[in-house]
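Commentary on secondary and tertiary structure
Residue strings, one per chain:
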Amino acid sequence: MDQSSTHHRNGKGTRAELEKAAADLEKEKLIAEIQIERMVLLARHNQELDKTNFVFAAFNHFVYENNTGIHSPAEFSACEFALHYGKMSILSTLINPGELCLGQAFKAMHHSNNTHQLPLPPNAEGESMSKVYRDIIKYLKNCLNGKPLIVFTPTQEVAIVKSCFDYMQTACELDYTDDSDDEDGKKDPLPPILVYDIQYLFFYLKKETMGMMGQPNEGIKHDVTNTIFLRDFFEFEERIACQFHEEIDRSRYCTRSQVVRWVYTFCDYMCKDLGITMEPGKHAPSFKPLDTSSD
């Protein structure tokens, strides 16, 4: 990991370096938004807005390590989604990142106790980072079928998800075995995973679903859709978390619960625009469906 980039994330470096880092982040954000718009507009042009799939992703982490600028991953979930089908497939797993950096145990314990309550390393459950990362790559390839590996996560989580992916990719590259060599004895490079803002997708997809059906969409504003998304109407929904978090009554912090809740929020806000019938367990909760719709 680049030392200068670590300094920028930690708020260190000269003023010029910090300003450049901020400008680079803003440019990256704008590029991602343009890509989201292109994805949605292409789907609309092809009359496939309802069946175009997206992948939502979430991480829980043990601790943010200031010296290295990384988040140590604890749990990962991804959910494949399309408006027509609702929840299509899920990958959910706990992660054992190995030993935490020296002096990070108390900070990790505090974070865990107040959020996901997963057991800390060296007693962490789940597979190694390299094993999980390969599983994630395989899952995304199956979902996206030749398209770039793009996942969506909330605005405030984009940097955390990127950090976890970077850390796991590094572990995976270091853990390559001879079995991963191709016929020429070269390592098969890992494809990049791009992390985009789910809240911008929520805004732009809503705008285009209404536009496609001839409904006025000028009133659809990013700040309004952000408010609706962040209300998290399904936050306390039961039976959508992993077994561990269901058993300790900590479902709202479970990444599996989070990605499923996002699917329900998208469907509840947009399916009616396209005349899609909501199916319990796919587009909406199996119990106590809620209405988050707002024009």
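Basis of the calculations
- Residues numbered from 1 in each chain as written.
- Predicted model: local features only at pLDDT ≥ 70, side-chain atom pairs only at ≥ 80, totals over all residues.
- Heavy atoms only, no water.
- Helix = DSSP H or I, 4+ residues; strand = E, 2+ residues; numbered from the N terminus.
- Buried < 20%, exposed > 50% of the residue type's maximum accessible area, 1.4 Å probe, protein only.
- Contact = heavy atoms within 4.5 Å.
- Areas by Shrake-Rupley, 256 points an atom, 1.4 Å probe, with all protein chains shown as cover.
- Core = buried A, V, L, I, M, F, W, Y, C linked by side-chain atoms within 4.5 Å.
- Polar contact = N/O pair within 3.5 Å; in protein donor to acceptor, adjacent residues only side chain to side chain.
- Axes fitted to C-alpha atoms, helices over the stretch in contact; angles between N-to-C directions.
- Left-handed = near helix turned anticlockwise from the far one by under 90°.
- Salt bridge = Lys/Arg side-chain N within 4 Å of Asp/Glu carboxyl O.
- Pairing = 2+ DSSP bridges.
- pLDDT = per-residue confidence, 0-100.

What about the overall build of the protein?
Secondary structure assignment for the protein yields nine helices and six strands. Within the protein, the fraction of its 295 residues that count as buried is 48%. When contacts within the protein are restricted to residue pairs at least 6 apart in sequence, long-range pairs at least 24 apart make up 70% of them. Split by element, the accessible area of the protein, about 15300 Å² in all, is 51% carbon and sulfur.

Examining the nonpolar core
Inside soluble globular proteins, nonpolar side chains tend to come together where they are buried. Counting residues in hydrophobic clusters, the biggest one holds 39 residues, and the most contacted among them are Phe56, Phe81, Leu83, Phe152, Leu201, Leu205 and Phe266. In terms of residues, this core owes the most to one element, helix α9 (residues 255–270), which gives nine residues. If we ignore the near neighbours within four places in the chain, the residues touching leucine 205 are Val40, Leu49, Phe54, Leu83, Phe266 and Met270. Grouped together as the second largest cluster of nonpolar side chains are 31 residues, Val132, Ile137, Leu144 and Met168 included.

Quick word on the side chain of serine 130
Mapping serine 130 onto the fold places it in helix α4 (residues 129–144). A relative accessible area of 5% means that serine 130 is categorised as buried. Engagement of the side chain of serine 130 in a polar contact is seen with the side chain of serine 128, the distance being 3.3 Å. Within the structure, the side chain of serine 130 is placed 2.8 Å from the side chain of aspartate 175, a separation counted as a polar contact.

Brief notes about the packing of helix α6 (residues 198–212) against helix α7 (residues 222–231)
Running from amino to carboxyl end, α6 crosses α7 at an angle of 115 degrees, the nearest separation of the two axes being 9 Å. With respect to the hand of their crossing, α6 and α7 are arranged in right-handed fashion. Two secondary-structure elements touch here, α6 through Ile198, Gln199, Tyr200, Phe202 and Phe203 and α7 through His222, Thr225, Asn226, Ile228, Phe229 and Leu230.

A look at the side chain of histidine 283
Inspection of the secondary structure assignment puts histidine 283 in the segment after α9. Of the residues examined, histidine 283 reaches a relative accessible area of 3% and is grouped as buried. In terms of polar contacts, histidine 283 uses its side chain to reach the backbone carbonyl oxygen of leucine 83, at 3.1 Å. Other than its neighbours up to four places away in sequence, histidine 283 contacts Leu83, His84, Tyr85, Gly86, Tyr264, Cys267, Cys271, Ile276, Thr277 and Met278.

Let's talk about the pattern of salt bridges
On inspection of all chains with the given rule, the structure shows eleven salt bridges. The partner of arginine 15 in a salt bridge is glutamate 19, and the shortest N-O contact between them spans 3.1 Å. Taken as a pair, arginine 15 and glutamate 19 lie in helix α2 (residues 15–45) at a separation of four residues, close to a single helical turn. Given the relative accessible area of 67%, arginine 15 is considered exposed.

Regarding the pairing of strand β1 (residues 54–65)
Counting buried residues along β1, twelve of its twelve residues qualify, which places the element largely inside the surrounding structure. Across eleven bridges, β1 lies against strand β2 (residues 70–82) in antiparallel orientation. Residue pairing across strands places histidine 61 opposite proline 73, the latter belonging to β2. Here β1 folds back onto β2 in antiparallel fashion, the turn holding four residues, of which glycine 69 has a positive phi close to 70 degrees.

Considerations on the confidence of the model for the protein
The predicted model of the protein has a mean per-residue pLDDT of 90, with 88% of residues at 70 or higher. Low pLDDT (under 50) marks residues 178–185, which in the prediction has six contacts with non-local residues, meaning those over four places away or in another chain.

Observations regarding unusual backbone geometry
Here the bond from proline 121 into proline 122 is cis, since omega is 10 degrees, no more than 30 degrees from zero. Residue placement: proline 122 occurs in the loop between α3 (105–114) and β4 (127–128). Phi at asparagine 145 takes a positive value of approximately 50 degrees, unusual for a residue other than glycine. Mapped onto the fold, asparagine 145 is located in the loop between α4 and β5 (149–153). A residue is classified by how much of its surface remains accessible, and asparagine 145, at 68% relative accessible area, is exposed.

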